[in-house]
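One-letter residues, chain by chain:
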2 protein chains.
Amino acid sequence: MDKYEHGGNIYIYDKDVIDFSSNINPLGFPECIKDSIDIAALTKYPDINYTQLKNSISKYTGLKSENMIVGNGASELIYLFVRALSLKRPIIPSPAFLEYERAVTLSGGNPLYYRIPEENGYVIDADEISNRLKEVDSVIIGNPNNPTGKAIKRKDVEYIVKEAKKLDLPVMIDEAFIEFICDYEKYQSLDLINYYDNLFVVRAATKFFGLPGLRLGYGFGSEDLIKRLEAYKEPWTVNAFADAVGRKIFDDIKFMGNTRKYIKEEIDYLTNELKKIDELVVFHTQVNFMLLKLKNQSVNDLKEELLKRRILIRDASNFRYLDDRYFRVAVKSHRDNVKLVEAIKEVLK
Amino acid sequence: MDKYEHGGNIYIYDKDVIDFSSNINPLGFPECIKDSIDIAALTKYPDINYTQLKNSISKYTGLKSENMIVGNGASELIYLFVRALSLKRPIIPSPAFLEYERAVTLSGGNPLYYRIPEENGYVIDADEISNRLKEVDSVIIGNPNNPTGKAIKRKDVEYIVKEAKKLDLPVMIDEAFIEFICDYEKYQSLDLINYYDNLFVVRAATKFFGLPGLRLGYGFGSEDLIKRLEAYKEPWTVNAFADAVGRKIFDDIKFMGNTRKYIKEEIDYLTNELKKIDELVVFHTQVNFMLLKLKNQSVNDLKEELLKRRILIRDASNFRYLDDRYFRVAVKSHRDNVKLVEAIKEVLK
């Protein structure tokens, strides 16, 4: 893998491949959006203030439009946060989503990486983060974290934010995957923005609503923080389709509940089955993807053998602190998940 | 108008207003794109390399994919160019598209503004630009320029690029409106990127293809320049719809020809009719919008009176070197253009 290469780049593979490399909702997207695809929307600029879209997100999250910013996926907001606040030295618990590092590096910064201990199943330790705050100018955490699939509890997030606040350090929590967790309420820190003005929480329609092609992300912070970000934001980055679709998806409570239930069942299935394979280390996950490790070999041969069976996995070697023994798989349809398990068993037997 | 406010923000007005404030192709968009709107495209990440889209643009322009970058409208590419090359002091012939100034200012720079002389009908003088090159680190020119509607000839662009090259200064030419010009071949500088590695040319589907809601821009430069820009680019900023639609529009030669013919006729009509109004100064334009000036009064009353008649014009007072006497109108359907003329006559009589 290239340094910042992602999963999901199926365009370089056979068309019929089952893509376990990209971690998108396997149930697809809310059906309700089909009516919102109207070509007429393209003939006008999107509302530069995204008023209706923000109202929709407001209804979904209970937070006010004034505390909200929308962007071209979570990515735009991650880059914007780093750039607008001139962050040069965030602490990033790693392995982590590669774009955090890239955003900081491109802005001329140099992150401090905190190695999330594999021994504890990749649980981020809030005390360890707090202890390092004097060495950094900000905090960036994926919650749940990608590629590890582990989340930290809301109270631990709050502890970190509170400690960071004492030193006046901004904190970004990337919750792009949080809605996949069954009891996500214990983990989400959205509404903490009402109490801590150093907190920025990012979300996206990309993963949970199964719409990576849409490019719709959104973020929350104090009114003051949002104003600072808007001052640096490029105009109209959410296109008219994303705007229209975004006004619908957050209403579909049923889709959300079904997704969480389904993910739980399939993660249980995958975990149980994959644990039976001696050569595999299976890390516990709370979301729609899981990190795995081969005990004694590079993942290259496995990846190649699986590709012959039209299965694409995510080689995780370009994540910091991981190497060529690690890989990530997404949860897909039950039928595809069974295929994955059978294929891995066959290759590793 | 706010400092960086644009036309086209119809969301704050009555729904039935005729929008002369936003300068989009009045013939709409190429019909062929209707088939490309497939919701399934949203369930995958866009091809991060946009291979097929670039092939399409390549066929249209005759330039190679390696010399090409695509973005979220021309805006993303304008900001990217400024940021990736750390431009702090470009010369910007003004009045100009407001995002040039904003991009530079947000990157901590301070443009040198060259006042395009109104006396000469807002023609940019290539010699004047060249004479100032020692004071700047780059050049940014809208060609045709917005809001003035005037273009500079290809040979003059080449002269500026050549002079800038001697001093190693990058030049960005924004050709977002160039395809509206009947004899655009005399003005476009796209293929000069094959001879000058300091040149970056930006275009967009926004204006000419009537798709401001789509957010699809594209730019051309030497392979080396494109690589430098890609190194700073945020991933997936062109969404799956824009990708799909972009693969179709550049084939529609007929739409393009019809547009140019139509714009020429309507500009002639508007120019002739508006010139009959004593209180108006009409500046000659080559594209789908025109700059106008009231001789003895602020445009505020006129704007308000026109709004009562459900016509929205673009108050141009927030463009550098213009004031509250200036306004811009777009070319619309002939029927709407007649309405505009009649309404202005009525108000100013």
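Residues numbered from 1 in each chain as written. Chains lettered and ligands numbered in written order. Predicted model: local features only at pLDDT ≥ 70, side-chain atom pairs only at ≥ 80, totals over all residues. Heavy atoms only, no water.

Chemist: How should the pairing of strand S13 (residues 326-330) of chain B be read in this particular structure?
Modeler: Consecutive side chains of a regular strand alternate in pointing toward one face of the sheet and then the other. Residue and element names in this part refer to chain B. Burial analysis of S13 places five of its five residues in the buried class, the great majority of the element. Sheet topology places strand S10 (residues 289-294) next to S13; five bridges connect them, and they run antiparallel. In the sheet register, Lys293 faces S13, and the bridge partner there is Tyr326. (Buried < 20%, exposed > 50% of the residue type's maximum accessible area, 1.4 Å probe, protein only. Helix = DSSP H or I, 4+ residues; strand = E, 2+ residues; numbered from the N terminus. Pairing = 2+ DSSP bridges.)

Chemist: What should I look at first to understand the domain arrangement of chain A in this one?
Modeler: Put simply, an interface is often sized by how much accessible area is lost when its parts join up. All names here are of chain A. When its domains are assigned, chain A resolves into domain 1 (10-23 + 254-348) and domain 2 (47-251). The gap between the C-alpha centroids of domain 1 and domain 2 is 26 Å. In this complex, domain 1 contributes 24 residues to the contact, which on the side of domain 2 involves 32 residues. Summed over both partners, the interface of domain 1 with domain 2 comes to about 2,600 Å²; 62% of that surface belongs to carbon and sulfur atoms. Broken down residue by residue, the surface that domain 1 buries against domain 2 is led by Arg260, Gln286 and Tyr321, which jointly contribute 28%. The interface formed by domain 1 and domain 2 contains 11 residue pairs in polar contact (both at pLDDT 80 or more). Residue assignment for the side of domain 1 that touches domain 2 shows that the elements contributing at least two residues are helix H8 (253-275), strand S10 (289-294) and strand S13 (326-330). If one sorts the elements of the side of domain 1 that touches domain 2 by residue count, H8 sits on top with six residues. In terms of residue class, the side of domain 1 that touches domain 2 is built from 11 nonpolar, seven polar and six charged. (Domains from an automatic or database assignment. Contact = heavy atoms within 4.5 Å. Buried area = accessible area lost by both parts, 1.4 Å probe. Polar contact = N/O pair within 3.5 Å; in protein donor to acceptor, adjacent residues only side chain to side chain. Nonpolar A, V, L, I, M, F, W, Y, C, P; charged D, E, K, R; others polar.)

Chemist: What should I look at first to understand the pattern of salt bridges in this one?
Modeler: Charged atoms that come close allow side chains of opposite charge to pair. Enumeration over the complete set of coordinates arrives at 53 salt bridges over all chains. Residue A:Arg83 pairs with B:Glu234 through a salt bridge whose shortest N-O separation is 3.2 Å. Of this pair, A:Arg83 sits in helix H2 (residues 73-84) while B:Glu234 sits in the loop between helix H6 (223-232) and helix H7 (240-249), which puts the two residues in different chains. In this structure, A:Glu273 engages A:Lys345 in a salt bridge whose closest nitrogen and oxygen atoms are separated by 2.9 Å. One end of the pair, A:Glu273, is in helix H8; the other, A:Lys345, is in helix H10 (residues 334-348), and 72 residues separate them in sequence. By relative accessible area, A:Lys345 is classed as partly exposed at 26%. In the salt-bridge network here, residues are joined through shared partners; they are A:Arg83, A:Glu234, B:Arg83 and B:Glu234. (Salt bridge = Lys/Arg side-chain N within 4 Å of Asp/Glu carboxyl O.)

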